[in-house]
Amino acid sequence: MGTATRLNFFLPTTLAALALSASAGVAIAAPAQTTDAGVTRIILLGTNGGPRPYPLRAEPANLLVVNGTPYLIDAGEGVAGQIAQAGFALPKVRTIFITHHHIDHDAGLSPLIALTWFDTAWDNQSLPPVQIYGPPATRFLTRAALDYLSVSERIFRAGVPALQPAATMFSAHDIHANGEFYRDSRISVTAAENTHFHSKSGSAATGRDMSFSYRFDTPQGSVVFTGDTGPSPAVTALARNADVLVSEVCLCDTPADVKPTATSQASMRTAAAIDQTENFHMHNEHLTPEEVGKLATAAHVRVVILTHFVPGKTTDPTTFTAGVMRYFSGPVIPGKDLLEYDLR
């Protein structure tokens, strides 16, 4: 998706340069001459919003690299290739966080598992299992991904029997509640259920469907990924005083008074009924630029990075940034695939 652009939070001149005007693009700072030690780096792997392919943006995914260790947040289709584009071998990614189970955010999980297994097993690397965290159904999807891989794995292992079995190399965990759920020597991660899912759904096999926003606290600062959400007091609280808010953004111009209606199963198949429920989803379960700006101001975040652009085919960044800047006075960065942003 092109070459990486690096923005360096710790350069004092960068903050002023990043503030966008209605007619200017983002100012790009010179790449920092730093090592990975003492740096938290955000890499936007895919910045499209929604499960429709566009040529300029990959599906949603992000890397958070803390002191050289990469963590993956979401795994849209094509994420394995984007990780390679960002300069990381797949076995280097040992921890994955999924915000919610819409296909634009998790369709790349199965091929990522398959390719990570092959890279690790073929090179005879002895590594601890990859840890995969997400809302209910994360364990279910991981098992399904391993089932999918099993056909090719069987054929590979017939020829090379010593290859390590894939099932031993991945461990999935369902998150069921708000609060801190992960901690290691570099980061702690806190979840807050957001407002992306108004309609209740779930199954006996997977549990209640939930959508989370995540806060990562690192030695260099705090980063919040909204994932997909509508306006949410829980997300505002999660983002309180964060250094960076990585937020979805949607040009959703549906009237606020649109409400879903109870209709028969037959009438729900009509174009009018589908349009009504789609409009409710776009307006109430995503963030407009103005809502991103209000969230950032209420939470007192320092910098906003926009991603998950809806519609993804829109190329003028000021279409999105202008609304954010009406309510937020700090730097607003319109993301693009492989953009890198450093905290130090």
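Residues numbered from 1 in each chain as written. Predicted model: local features only at pLDDT ≥ 70, side-chain atom pairs only at ≥ 80, totals over all residues. Heavy atoms only, no water.

Colleague: Sorry if this is basic, but what is going on with the state of the cysteines here?
Modeller: Structurally, a disulfide amounts to a covalent bond that connects the sulfur atoms of two cysteines. Within the structure shown, the criterion is met by one disulfide. Note on cysteine connectivity: C250 is disulfide-linked to C252, with sulfurs 1.9 Å apart. With the S-S bond torsion at 105°, the cross-link from C250 to C252 turns out right-handed. For the pair formed by C250 and C252, the shared burial category is buried. (Disulfide = S-S within 2.5 Å. Buried < 20%, exposed > 50% of the residue type's maximum accessible area, 1.4 Å probe, protein only.)

Colleague: Can you walk me through the packing of helix α8 (residues 289–299) against helix α9 (residues 318–325) in this structure?
Modeller: When two helices pack together, you describe them by how their axes are tilted relative to each other and by the distance separating the axes. Between α8 and α9, whose axes approach to 6 Å, the crossing angle comes to 40°. In terms of orientation, α8 lies oblique with respect to α9. Seen from above, α8 lies across α9 with right-handed handedness. Of the residues in α9, those in contact with P289, E290, V292 and G293 of α8 are T319, F320, G323 and V324. A per-class count over the contact of α8 with α9 returns four nonpolar, three polar and one charged. (Axes fitted to C-alpha atoms, helices over the stretch in contact; angles between N-to-C directions. Helix = DSSP H or I, 4+ residues; strand = E, 2+ residues; numbered from the N terminus. Parallel < 35°, antiparallel > 145°, perpendicular 65-115°, else oblique. Left-handed = near helix turned anticlockwise from the far one by under 90°. Contact = heavy atoms within 4.5 Å. Nonpolar A, V, L, I, M, F, W, Y, C, P; charged D, E, K, R; others polar.)

Colleague: Quick question: what am I supposed to make of the packing of aromatic side chains here?
Modeller: Aromatic rings considered in pairs are described by the distance between their centres and by the relative angle of their planes. Taken as a whole and judged by the stated rule, the model has 16 aromatic pairs. Between Y133 and F181 the ring centres are 5.8 Å apart and the planes differ by 50°, which places this aromatic pair in the tilted class. One end of the pair, Y133, is in strand β6 (residues 130–134); the other, F181, is in strand β8 (residues 179–183), with 48 residues separating them in the sequence. Classification of F181 as partly exposed rests on a relative accessible area of 22%. The ring of Y327 has K294 sitting right over it, with the charged end atom 4.9 Å from the ring centre. (Phe/Tyr/Trp six-rings, centres within 6.5 Å; stacked < 30°, edge-to-face > 60°. Lys NZ or Arg CZ within 6 Å of the ring centre and 35° of its normal.)

Colleague: I tried to follow a nonpolar patch on the surface on my own but got confused; where do I start?
Modeller: A surface patch of nonpolar side chains, about 260 Å² in accessible area, is lined by W122, F156 and V160. Structurally, W122 is set in helix α4 (residues 109–122). Judged by relative accessible area, W122 falls into the partly exposed class, the value being 46%. (Patch = residues over 30% accessible without salt bridge, like charges linked within 9 Å, V, L, I, M, F, W, Y side chains within 5 Å. Areas by Shrake-Rupley, 256 points an atom, 1.4 Å probe, with all protein chains shown as cover. Salt bridge = Lys/Arg side-chain N within 4 Å of Asp/Glu carboxyl O.)

Colleague: How should the sheet that holds strand β16 (residues 332–334) be read in this particular structure?
Modeller: Hydrogen bonds between backbone groups are what pair the strands of a sheet, and the pairing can be parallel or antiparallel. Spatially, the seven strands line up as an open sheet ordered β8-β9-β12-β13-β14-β15-β16, and their pairing is mixed. For this open sheet the edge positions go to β8 and β16, each flanked by a neighbour on one side alone. Each adjacent strand pair in this sheet contributes to an overall mean axis angle of 25°, direction not counted. As judged from the seven bridges shared by strand β14 (residues 244–250) and strand β15 (residues 303–310), these two strands associate in the parallel manner. If you follow V249 over to β15, its bridge partner there is F309. Its contacts with the sheet place α8 against β14 and β15, and it is angled at close to 160° to β14. Packing of α9 onto the sheet brings it into contact with β14, β15 and β16, and relative to β15 it is tilted by some 135°. (Pairing = 2+ DSSP bridges.)

Colleague: Where do I start with the pattern of salt bridges in this structure?
Modeller: Pairing of side chains with opposite charge becomes possible as their charged atoms draw close. Summed over all chains, the structure comprises eight salt bridges. A salt bridge links R41 to E340, with the shortest nitrogen-to-oxygen separation between them at 3.8 Å. Pair noted here: R41 is in strand β2 (residues 40–46) and E340 is in strand β17 (residues 339–343), with a separation of 299 residues, a long-range link. Judged by its relative accessible area of 9%, R41 falls in the buried class. Here R208 and E193 are joined by a salt bridge, their closest N and O atoms 3.1 Å apart. Linking R208 in strand β11 (residues 207–208) with E193 in strand β9 (residues 188–193), this pair joins segments that are 15 residues apart in sequence. When its relative accessible area of 25% is taken as the criterion, E193 is described as partly exposed. Via salt bridges that share partners, R41, E340 and D342 belong to a single interconnected network.

Colleague: Just checking my understanding: could you explain the environment of A121 for this structure?
Modeller: Take A121: it is sitting in helix α4. For A121, a relative accessible area of 6% translates into the label buried. Through-space distance from the C-alpha of A121 to that of M169 is 9.3 Å; in sequence the pair is 48 residues apart. Contacts of A121, omitting those with residues within four sequence positions, involve L163, Q164 and M169.

Colleague: Where do I start with unusual backbone geometry in this structure?
Modeller: Glycine aside, negative phi is the norm for most residues, and most peptide bonds take the trans geometry. Omega for the bond connecting V310 with P311 falls within 30 degrees of zero, at 0°, which places this linkage in the cis form. Summarising the element assignment, P311 is placed in the loop between β15 and α9. One non-glycine residue with positive phi stands out, namely N67, at about 50°. Residues other than glycine seldom take positive phi values, yet N124 does so here, at roughly 55°. Mapping N124 onto the fold places it in the loop between α4 and β6.

Colleague: Would you mind going over the nonpolar core with me for this structure?
Modeller: Nonpolar side chains tend toward joint burial in soluble globular proteins. Counting 33 residues, the largest nonpolar core has L45, L63, L72, I83 and I96 as its most contacted members. Contributions of two or more residues to this core are made by β2, β3 (61–66), β4 (69–75), α2 (79–85), α4, β6, α5 (138–159) and β7 (170–174). Broken down by element, the residue count for this core peaks at six residues, all from α4. Leave out the neighbours within four places in its chain, and I83 touches L45, L72, F88, L90, V93 and L112. Of all hydrophobic cores here, the second largest spans 27 residues; its members include A191, V244, V246 and L343. (Core = buried A, V, L, I, M, F, W, Y, C linked by side-chain atoms within 4.5 Å.)

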